[in-house]
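Overview (structure and organization)
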Amino acid sequence: MIRSVGITRLVAIGAATAVLWLSQAVAGEQTLPGATVESVVAIARRLNPTVAAASLDFDAAVHKIGTAGVLADPALVLEAWDVNRLGVGQRRFGVEQEVKLWGKYGLERSVAQADADAAKFQGRATVIDLIAQVVAAHGEYNAAYEAVGISVEIKRRYDEILGLLRSRYGTTSVDQQNVIKAEIEAASAEGDVIRRQGEQKAAAARLNALIGRPSLAPLAAPTGFRAVKTVSLAQVQALGRSANPMLALAGAQSNSAAQTKSLTDLNYYPDVTLGAKYVQRPGTEDTGEFMAKLNLPLHYEVKDAEQRAAGARLGAAQARNEALRLRIDGQVADAWFGVDALRKVVQIYASRQLPPARSSVDNARNGFQAGSSDISLVFESERRLRAVQLDLLKLKVELQTKYAEMERLAGGSL
């Protein structure tokens, strides 16, 4: 009796352990990225080393602000005067400090702040570029997954036709040519399944690499293409002008150049070095000394050259900023018209080409089963349907890629 109770308890513990393991496995399966674009984008933000590098560059630029616009380290002065065979006549201990005037420290801090802003916008541009690549790669992964399903379904139908022909004609019928055709088509369909599965694995590997995971890491099955929102061209262009990080980066670089130009203009004004010393004289009272030095900016040709160079850099930065703004406007328009056209083409394929192609397959199969049509018509209609389905997938991938490009130019999700 005791033994049976012990066995029952062990069985219960084993069952509970199995249930726990299965629940953990199911939970792990549910947390795999890949089902949606958002799931892989979240992983990319967290794991991609390029994003980490951009964040570290920004941190370095921010910390650099603390080193700008501050006093230089003071100099400790130790002097021995009137040194002869009788000893040291005077000992002097003091410090000297260089001080920049005319607001130079504030301008140095402004330049460092502008450089930090540029690093911030560069990092943001890096992240947005990565997201656009991830969205496009997820579209390819989704298309490859659906293409495998299409190929598997076609292979299943071809295998059904081949089985029907074999049962209808046997091995001695004069219509063996139809069986041979079906065998060839079934073999081609099987090869297409293998090829599509390889393309799916390759797409998954590319997606994993982009989001910072090992190439063979498992991905969840995609749930479909991301919905493409309808936005006006004016809205996207307005977002591009206000939120595009590359345009903000160009603005920060122009600001840095302007602050540098102002700082260069102050090179004509001298800096000052202040000092104080404590003087020890043996046999008399100790005294102090105070000192002020001014550097004389006499080489005006050098200052003029520096000023002209800073002015040229400022003009170049402003010109690049304006050129970039015009280019982004044009690229936004190009992407928007591409998205608009692709959306319409996808709708045409889905509503006007795909249904007739499916009806053609059904009619051909029904006619063949009834003996009123040839097997070649069945295979021809199947190939036509597959071509429409695969073309539709390519169009959807192109639409996702173009829409991701438009979002990148707009500075983020629409």
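This report concerns the structure included in the present document. Nothing here was measured: the structure is a model prediction, and the numbers come from that model. (Residues numbered from 1 in each chain as written. Predicted model: local features only at pLDDT ≥ 70, side-chain atom pairs only at ≥ 80, totals over all residues. Heavy atoms only, no water.)

**Some points on the overall build of the chain**
- What the chain contains, in helices and strands, is 9 helices and 4 strands.
- Relative to the 2.2 N^0.38 estimate, which gives 22 Å for 414 residues, the radius of gyration of the chain is 38 Å and therefore markedly larger than a compact globule would have.
- Here the C-alpha coordinates of the chain stretch approximately 135 × 80 × 35 Å along the principal axes.
- For the chain, the share of sequence-separated contacts (at least 6 apart) that also reach a separation of at least 24 residues comes to 79%.
- Of the roughly 23400 Å² that the chain leaves accessible, carbon and sulfur atoms contribute 59%.
- Taking the 49 positively charged and 44 negatively charged side chains of the chain as two groups, their mean positions are separated by 4 Å. (Helix = DSSP H or I, 4+ residues; strand = E, 2+ residues; numbered from the N terminus. Rg over C-alpha atoms; globule rule 2.2 N^0.38 Å. Contact = heavy atoms within 4.5 Å. Areas by Shrake-Rupley, 256 points an atom, 1.4 Å probe, with all protein chains shown as cover. Lys, Arg positive; Asp, Glu negative; His and termini not counted. Charge placed at Lys NZ, Arg CZ, Asp CG, Glu CD.)

**A look at the packing of helix α6 (residues 233–243) against helix α9 (residues 375–410)**
- Between α6 and α9, the shortest axis-to-axis distance is 7 Å and the interhelical angle comes to 45°. One way to sum up the angle between α6 and α9 is to call them oblique. The segment α6 lies against α9, with V236, L239, G240 and A243 engaging M406, L409 and A410.
- Across the contact of α6 with α9, the residue classes tally to 6 nonpolar, 1 polar and no charged. (Axes fitted to C-alpha atoms, helices over the stretch in contact; angles between N-to-C directions. Parallel < 35°, antiparallel > 145°, perpendicular 65-115°, else oblique. Nonpolar A, V, L, I, M, F, W, Y, C, P; charged D, E, K, R; others polar.)

**Description of helix α8 (residues 300–370)**
- Between its first and last C-alpha, α8 extends 101 Å over 71 residues, near the 105 Å set by a 1.5 Å rise per residue.
- At Q353, α8 shows its strongest bend, of approximately 35°, with the proline P355 following within four residues.
- One or two steps after α8, the chain reaches G371, where phi turns positive at roughly 80°. (Expected span 1.5 Å × (residues − 1). Bend = angle between axes of the 7 residues up to and from the residue.)

**A word on the nonpolar core**
- Counting residues in each nonpolar core, the largest one holds 28 residues, and the members touching the most others are V236, V332, M406 and L414.
- Those elements that provide at least two residues to this core are α6, α7 (245–265), α8 and α9.
- Element by element, the count of residues in this core is highest for α8, at 13 residues.
- Other than its neighbours up to four places away in sequence, V332 contacts L233, V236, Q237 and L409. (Core = buried A, V, L, I, M, F, W, Y, C linked by side-chain atoms within 4.5 Å. Buried < 20%, exposed > 50% of the residue type's maximum accessible area, 1.4 Å probe, protein only.)

**A closer look at the side chain of N48**
- Note that N48 resides in the loop between α2 (37–47) and α3 (49–65).
- At a separation of 2.8 Å, a polar atom in the side chain of N48 contacts the main-chain amide nitrogen of T50. (Polar contact = N/O pair within 3.5 Å; in protein donor to acceptor, adjacent residues only side chain to side chain.)

**Digging into α6**
- Among all positions of α6, only L233, V236, Q237, G240 and A243 are buried. Angular distribution of buried residues about the axis of α6 spans 160°; they occupy a single face of the element. In α6, those exposed residues whose orientation departs by more than 90 degrees from the buried face are A234 and S242. (Arc of directions from axis to C-beta.)

**Things to note about the packing of aromatic side chains**
- Summed over the entire model, instances satisfying the criterion amount to 3 aromatic pairs.
- With centroids separated by 5.3 Å and ring planes inclined at 75°, the aromatic side chains of Y158 and F379 adopt a geometry described as edge-to-face. Taken together, the residues Y158 in helix α4 (residues 104–169) and F379 in helix α9 connect sequence positions 221 residues apart.
- You can call Y158 buried: its relative accessible area is 2%. (Phe/Tyr/Trp six-rings, centres within 6.5 Å; stacked < 30°, edge-to-face > 60°.)

**Things to note about a nonpolar patch on the surface**
- Taken together, the side chains of L76, L78, F93, V95 and Y278 present a nonpolar region at the surface, about 520 Å² in accessible area.
- For the nonpolar patch, the secondary structure elements donating two or more residues are β1 (75–84) and β2 (87–99).
- Residue placement: Y278 occurs in strand β3 (residues 272–280). (Patch = residues over 30% accessible without salt bridge, like charges linked within 9 Å, V, L, I, M, F, W, Y side chains within 5 Å. Salt bridge = Lys/Arg side-chain N within 4 Å of Asp/Glu carboxyl O.)

**Quick word on the side chain of S256**
- By the element assignment, S256 lies in helix α7.
- By relative accessible area, S256 is classed as buried at 9%.
- Excluding anything up to four places from it in sequence, S256 contacts V111, A114 and D115.

**A closer look at unusual backbone geometry**
- Look at W102: it is not a glycine, yet its phi comes out positive at around 65°.
- Position of W102 relative to the elements: it lies in the loop between β2 and α4.
- Judged by its relative accessible area of 47%, W102 falls in the partly exposed class.

**Some thoughts on the pattern of salt bridges**
- For the coordinates displayed, the defined rule picks out 27 salt bridges.
- For K277, the salt bridge is made with E79, and the minimal N-O distance between the two is 2.9 Å. Note that K277 is positioned in strand β3 and E79 in strand β1, a separation of 198 residues in sequence.
- Take K277: its relative accessible area is 19%, and that puts it in the buried class.

**Thoughts on the environment of I375**
- In this structure, I375 sits in helix α9.
- With relative accessibility at 1%, the residue I375 sits in the buried group.
- Placed 27 residues apart in sequence, I375 and K402 show a C-alpha to C-alpha distance of 41 Å.
- In contact with I375, other than residues within four places in its own chain, are I161, L165, N178, K181 and F368.

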